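So you can see what is in the structure, the chains are spelled out below.
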Amino acid sequence: MTHSNSRKNPSVAVIGAGMTGILMAIKLREAGITDITILEKAEKIGGTWRENTYPGVACDVPAHMYTYSFKGNPEWRHRFAHGDEIQSYFEKVSSEYGVTDQVRFNESLDECHYRDGKWHLTTSKGNDLVVDFVVAATGILHHPAYPDIQGLDSYQGDMFHTARWNHDVNLEGKRVGIIGTGSTATQIICEISKTAGHLTVFQRTPQWIFNLADKDYSEADKARLRGNQGRMAKLANRYAFIMRNSFTAAVTGGKVSHALISWLANRNLRKNVRDPELRAKLTPDYKVGCKRLVMSSTFFDAIQRDNVSLETTGIERISEQGVVTSDGTEHELDVLILATGFHPFNFMRPMNLTGRGGVSIDETWSRKVQAYRSLCLPGYPNFFLMLGPNSPIGNYSVISMSEVQTQYVLKLIDQWRQGNLETVEATEEAKTRFNAYLKAGMGKTVWVGGCQSWYLDADGDPAMWPYSWEQWVKELEEPDLDDFHRVVPAKIEPLKTAEEAA
Ligand code: NAP
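If you're wondering where the values come from, they're calculated on a predicted model, not measured in any experiment.

About the cut-offs
Residues numbered from 1 in each chain as written. Predicted model: local features only at pLDDT ≥ 70, side-chain atom pairs only at ≥ 80, totals over all residues. Heavy atoms only, no water. Pairing = 2+ DSSP bridges. Helix = DSSP H or I, 4+ residues; strand = E, 2+ residues; numbered from the N terminus. Axes fitted to C-alpha atoms, helices over the stretch in contact; angles between N-to-C directions. Expected span 1.5 Å × (residues − 1). Buried < 20%, exposed > 50% of the residue type's maximum accessible area, 1.4 Å probe, protein only. Near = heavy atom within 4 Å. Polar contact = N/O pair within 3.5 Å; in protein donor to acceptor, adjacent residues only side chain to side chain. Areas by Shrake-Rupley, 256 points an atom, 1.4 Å probe, with all protein chains shown as cover. Nonpolar A, V, L, I, M, F, W, Y, C, P; charged D, E, K, R; others polar. Domains from an automatic or database assignment. Buried area = accessible area lost by both parts, 1.4 Å probe. Salt bridge = Lys/Arg side-chain N within 4 Å of Asp/Glu carboxyl O. Disulfide = S-S within 2.5 Å. 1 Å grid on protein atoms, 1.4 Å probe; cavity = no way out; pocket = protein on both sides within 12 Å on 5 of 7 lines; lining within 4 Å. Points joined across faces, edges and corners; volume = space filled by probe spheres on them. Phe/Tyr/Trp six-rings, centres within 6.5 Å; stacked < 30°, edge-to-face > 60°.

**Some thoughts on the sheet that holds strand β6 (residues 128-131)**
Within a beta sheet, neighbouring strands are joined by backbone hydrogen bonds and run either parallel or antiparallel to one another. The strand order β6-β5-β4-β18 describes an open sheet built from 4 strands, whose pairing is mixed. Either end of the sheet is taken by a strand with one partner, and the two such strands are β6 and β18 (352-354). With strand direction ignored, the average angle separating the axes of adjacent strands in the sheet is 15 degrees. Bridge count for strand β4 (residues 109-115) against β18 is 3 bridges, and the pairing is parallel. Looking across to β18, one finds that E111 is bridged to N352.

**A word on helix α12 (residues 428-442)**
Between the first and last C-alpha of α12 there are 21 Å, a value that for 15 residues agrees with the 21 Å anticipated at 1.5 Å per step. Of all the residues in α12, the buried ones are E428, A430, K431, T432, F434, N435, L438, G441 and M442.

**Overview of the site of the ligand**
Neighbouring the ligand are 23 residues; D60, T184, T205, K291 and W454 lie closest to it. Between the ligand and S183 there is a distance of 3.2 Å, counted from an oxygen atom to a backbone nitrogen or oxygen. At a separation of 3.2 Å, an oxygen atom of the ligand approaches a polar backbone atom of A339. Protein burial of the ligand: of its 920 Å² of free accessible surface, 83% is covered by the chains. Tallying contributions element by element places helix α4 (residues 183-192) first for the shell around the ligand, with 3 residues. Residues of the shell around the ligand, tallied by class, amount to 10 nonpolar, 9 polar and 4 charged.

**Considerations on the domain arrangement of the protein**
What the domain assignment reports for the protein is domain 1 (5-45 + 99-143 + 343-501) and domain 2 (152-216 + 222-338). A separation of 31 Å is found between the C-alpha centroids of domain 1 and domain 2. At the boundary of domain 1 with domain 2, total buried surface from both sides reaches about 1,600 Å², with 57% on carbon and sulfur atoms. When the area that domain 1 buries against domain 2 is broken down by residue, the three leading residues are N395, Y396 and V446, summing to 42%. Linking domain 1 to domain 2 there are 1 salt bridge. Linking R244 and E470 is a salt bridge whose minimum nitrogen-to-oxygen distance equals 3.0 Å. Scanning the region where domain 1 abuts domain 2 turns up 7 residue pairs in polar contact (both at pLDDT 80 or more). Looking at the side of domain 1 that touches domain 2 residue by residue, the class counts come to 9 nonpolar, 8 polar and 2 charged.

**A short note on the state of the cysteines**
Throughout the structure, instances matching the rule amount to 1 disulfide. With a sulfur-sulfur separation of 2.1 Å, C290 is cross-linked through a disulfide to C451. Here the S-S torsion is close to -100 degrees, and the disulfide linking C290 with C451 is therefore left-handed. Here the residue C290 occupies a position in the loop between α8 (276-281) and β12 (294-295), and C451 occupies one in the loop between α12 and α13 (469-475), the gap between them amounting to 161 residues. Taken individually, C290 and C451 each receive the classification buried, so the pair is uniform in this respect. Unpaired in terms of disulfides, C112 finds its nearest cysteine sulfur in C376, a separation of 15 Å. On the basis of relative accessible area, C112 is assigned to the buried category, the value being 0%. The exposure class of C376 is buried, given its relative accessible area of 3%.

**Side note on empty space enclosed by the protein**
One pass over the structure, following the stated rule, counts 8 cavities of 30 Å³ or more. Along the walls of the largest cavity sit 22 residues, with F247, T248, V251, G394 and N395 positioned nearest its centre. By residue number, the principal contributor to the lining of the largest cavity is helix α6 (residues 229-251), which donates 4 residues. The residue inventory of the lining of the largest cavity, partitioned by class, reads 15 nonpolar, 6 polar and 1 charged.

**Quick look at the packing of aromatic side chains**
What describes a pair of aromatic rings is the distance from one ring centre to the other and the angle between the planes of the rings. Counting across every chain of the model gives 27 aromatic pairs. For the ring pair Y68 and F70, a centre distance of 5.2 Å and an interplane angle of 15 degrees mean the geometry is stacked. A relative accessible area of 1% means that Y68 is categorised as buried. Centroid distance Y396 to W469: 4.5 Å. Interplanar angle 50 degrees. Geometry classified as tilted. Taken as a pair, Y396 in the loop between β19 (383-385) and α11 (398-417) and W469 in helix α13 lie far apart in primary sequence, 73 residues in all. Judged by relative accessible area, which is 7%, Y396 ranks as buried. Taken together, the ring pairs in this structure connect Y68, F70, W76, Y89, F90 and Y97 into an aromatic cluster.

**A look at the sheet that holds strand β10 (residues 198-202)**
Strand order across the open sheet formed by 5 strands is β8-β17-β9-β10-β13, with parallel pairing between neighbours. With one partner strand each, in any of the chains shown, β8 (158-161) and β13 (308-311) form the two edges of the open sheet. Adjacent strand axes in the sheet meet at a mean angle of 15 degrees when their direction is disregarded. Pairing geometry for β10 and β13, over 4 bridges, is parallel. Along β13, the bridge assignment pairs V201 with L310.

**Structural notes on unusual backbone geometry**
Cis geometry marks the peptide bond from R349 to P350; its omega dihedral reads 5 degrees. Counting through the fold element by element, P350 comes out in the loop between β17 (335-338) and β18. For L387, which is not a glycine, the phi torsion comes out positive at approximately 55 degrees.

Following this line, the structure appears as structure tokens:
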């Protein structure tokens, strides 16, 4: 199918109907762009919050801040909203703004090729589309990482990854093991330790835990916010201000905020874990914030329950019955939960994506996963990768990030509509310069503070934004057109990483 196309009303394919895809569809429409196709691989909207349904799933960013700025939600039940309320919020907004009706569900994008000035798409249902722009709103953490542990497949009990929770398995009274102690595992441990017969937590590396107390919102709290977008915005701004000036500042080089956050995380551990042996096991040997800070006010209580044990001896293999640690102990289990995280550098892949000249995304990223301003890939005209590498993810609202990026993308599309850019394609030089600028800022961040984390790429470089949030917003306020090709370049530029170009 060929879409209607004029410079004024370009055709846009949005891939994914999660938080970012919904937002993009709403904002494209507001900008007068009506020829929008939204492809969603699953049967309903929601992305992360559709896929993560594990016990205790919640967002550790305050709910009123984890909300679209144009659609405050007075109905949040908790300061840290639970997964089901977040999913309901997105479903409500998506249907209210007419996005859900537009989504093509159970239809993923398999082929995506740029030729003759257009994107040629083929979906899993065999449908063909030809569009001017493609927006990959495919999220970051959605490819489960299964641990490479010998014997994993031989395990005879129930076993699943946290993002593929098997709700048919009842954990009550069972011998449960969980591998991992990240943000996901922590939320699960707090919840399932209440009912499991015995829970063994297999910890490879301890985590810094920050105690942010949750709060239930009363009917009176909600009533005060109903119909008052201004008050909700104020609340969101207050949380955002606190988060930026504490956590964001602490991880990006703010010495005072880092000292404060470190002191609080240390105090949390000292105050809540009295047993010196257990405390030693739970004490990290890297800087606070090096790994994404885990927020929990209940984890230390949970780990000290009588039915919970913390196992820090390394895992040697998985047997038919359970987990065998390197001291030879076999921990027999009925259920094994893999809270082992995700592959954060896949982004929109797997997808047969080729840009100008037939270069594939796997070739483009074979040496390093980089982009220009996280969003644009040289060689891939009119293609945007939302929440791409070096977006300022961390302990902050990813919705705020998507809103800033969406605005930037719309400004670029507008330049195209006005004819100021023949295609929207960042130059290789701009990408290289941008990535060198990122690298220059990394040295003062805590992510290079001696720990292993999903923030780091294969070279050990953090795929994070090393400067302040304010700086990021300012730099995305207006696209710098000098960083884009004014006319389609005649040849493909050789691909270089920032290091190779230096
Ligand atoms: P994660 O932070 O990557 O943690 C994975 C855990 O599995 C780590 O403890 C890791 O140990 C362990 N692990 C991995 N492979 C292992 C192996 N072979 N043997 C033993 N242990 C192994 O993953 P996650 O907890 O799913 O969190 C990912 C991200 O999702 C978070 O950082 C956060 O950005 C996001 N998230 C957010 C929220 C929220 O409330 N906003 C909630 C959940 C998740 P090592 O530390 O030793 O590598």
